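Below, each chain spelled out in residue letters.
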Amino acid sequence: MRARLHALVLVLLLLLAGCSSGGTRDDGRITLRFQSLAWQEESVEANRQLVNEWNAAHPDVRVEYVQGTWDSVHDQLLTAFEGGEAPDIIHDASDDLADFAYGGYLADLTGLLPARLKSDIPRRSWETTTFGDGVYGVPFLQEPRVLIANAAWLRKSGVRIPTPDKPWSWAEFRRITERLSGRGKYGVAWPLKEPVSATLNLSLSAGGQLFHRGLDGKVTVRFGAADQTVPRTIHDQANTDRSASPTTLGSGGSDTLPGFFGGRYAMVPLGFSYRQQIVQQAPKGFDWQVLPAPAGAAGLTQGVSPQTLSIAEDCAHKKEAAEFLDFLLRPRNMVRLALGDWMLPTGTQALEDPALRTTRHGWATGTALAAHLRPAPAQTVRGYPEWKDKVATPALQEYYSGAIGLGELRERLEEDGNLVLARYQR
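Everything numeric here is computed off the predicted structure, so don't read it as measured data.

**Notes on empty space enclosed by the protein**
The tally for this structure, following the rule as stated, stands at six cavities of 30 Å³ or more. Size it by volume and the largest cavity reaches roughly 100 Å³. Elements with a contribution of two residues or more to the lining of the largest cavity: α9 (195–203) and α17 (384–401). When the residues that make up the lining of the largest cavity are grouped by side-chain class, the tally is eight nonpolar, four polar and one charged. The calculated volume of the second largest cavity comes to roughly 60 Å³.

Here's what the structure looks like:
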């Protein structure tokens, strides 16, 4: 009796293991697990529909949709990789891939992807997922940072309205936010609960670089004059001009929307995808528009960390997984994913779709900025997650609140930051 019980337990464990990971079933059918981080209702629906369409057309290669979350995705994936439980197809962001790529957890896609997909996505986008000699993800969705503005407020003030062809400079932006402020109202509300990505990516417009790779391949942090343009503007708006709300500096983007709708802030710098929340939440008749972020010495250039799709190195069916990626990222399907996430596709054919070039909800402004998007400065820097969390985030938060000056900010970003990065470059 005990032996039969042990045998039954073993069978159940094997069945459970078969249900928790991809592989080949007894009937010969391949099952691939696709972990998606889509979270908006439209985006989840688009992803699920595409998976269903694939499964209907490919009975021998079934894709199992697994709902993931952006919350702590790095730690979740690391645990899954080390435990041999990683999904076959992985949705992530390019700035999270470096440690996984160098750690051997992701498959090199160089020889797996079709020529169509390789040529459709620009080289500058592929650079975000290239580490060493390999390509470890397909960059497929991206979003510029834009200014969401109270259109009626700006028209009434008489300020010049910027366009992608004639954007504001950072100095002009500062003057305009000061002009729009007063009597308990602010020209801008910076949501900087997580300040590092916004600061670094916008700093490219001023010629900032921050991370410098030497001939030996090692990276060092240098916080030069160009890197200081954007953080100094934000600091002065909040602490000198009083044109930026001090209370939103520790807030997330969504936290600023009630005040924006209530007429407390004229503008809020946000990621392009926040337009969906604005459409859903804005009071009836609220007049808003999308403006390009300010431009500096490098024009409208800004950094992005595209959303990516990768294949686990442990995946037993990499060829079939790559075929699914090719299907998922056909131009028509890429447009569906972009519309679902209110973001921009990386594919050049998809970007030409009329649905992404309408002036409604600012789509045309976003697509006009697509050519100016470049890899985020920290894209290939090993140790960036630790540098961001332990050094840059607290230092920038203190600087923006006025607790420390520019000199101390520079010292902490460079001296403390280089100590952290050095541990990853030995």
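**Overview of the nonpolar core**
Core analysis: the largest hydrophobic core is formed by 64 residues, its most contacted members being Phe 34, Val 138, Phe 324 and Leu 329. The element best represented in this core is helix α13 (residues 318–328), accounting for six residues. With residues up to four places along the chain from it excluded, the contact list for Val 138 reads Leu 109, Leu 113, Leu 117, Ile 121, Trp 126, Gln 307, Thr 308, Leu 309, Leu 325 and Leu 329. Counting 46 residues, the second-largest nonpolar core is a separate cluster that includes Ala 238, Trp 387, Val 391 and Leu 396.

**Some thoughts on the packing of helix α10 (residues 225–239) against α17**
Axis separation between α10 and α17 bottoms out at 8 Å; the angle between their running directions is 40°. Classified by the interaxial angle, the pair formed by α10 and α17 is oblique. Residues Pro 231, Arg 232, Ile 234, His 235, Ala 238 and Asn 239 of α10 form the contact with α17, whose participating residues are Tyr 399, Tyr 400 and Ser 401. Residue composition of the contact of α10 with α17, by class: five nonpolar, three polar and one charged.

**Here's the deal with the packing of α9 against α17**
Contact pair α9 / α17: the axes reach a minimum separation of 8 Å and the direction vectors enclose 85°. Between α9 and α17, the interaxial angle falls into the category roughly perpendicular. Contact with α9, carried on its side by Pro 195, Val 196, Thr 199 and Leu 200, involves Tyr 384, Trp 387, Lys 388, Ala 392, Thr 393, Leu 396, Gln 397 and Tyr 400 of α17 and no other residues of that element. Taken together, the residues of the contact of α9 with α17 sort by class into eight nonpolar, three polar and one charged.

Definitions and limits used
Residues numbered from 1 in each chain as written. Predicted model: local features only at pLDDT ≥ 70, side-chain atom pairs only at ≥ 80, totals over all residues. Heavy atoms only, no water. 1 Å grid on protein atoms, 1.4 Å probe; cavity = no way out; pocket = protein on both sides within 12 Å on 5 of 7 lines; lining within 4 Å. Points joined across faces, edges and corners; volume = space filled by probe spheres on them. Helix = DSSP H or I, 4+ residues; strand = E, 2+ residues; numbered from the N terminus. Nonpolar A, V, L, I, M, F, W, Y, C, P; charged D, E, K, R; others polar. Core = buried A, V, L, I, M, F, W, Y, C linked by side-chain atoms within 4.5 Å. Buried < 20%, exposed > 50% of the residue type's maximum accessible area, 1.4 Å probe, protein only. Contact = heavy atoms within 4.5 Å. Axes fitted to C-alpha atoms, helices over the stretch in contact; angles between N-to-C directions. Parallel < 35°, antiparallel > 145°, perpendicular 65-115°, else oblique.

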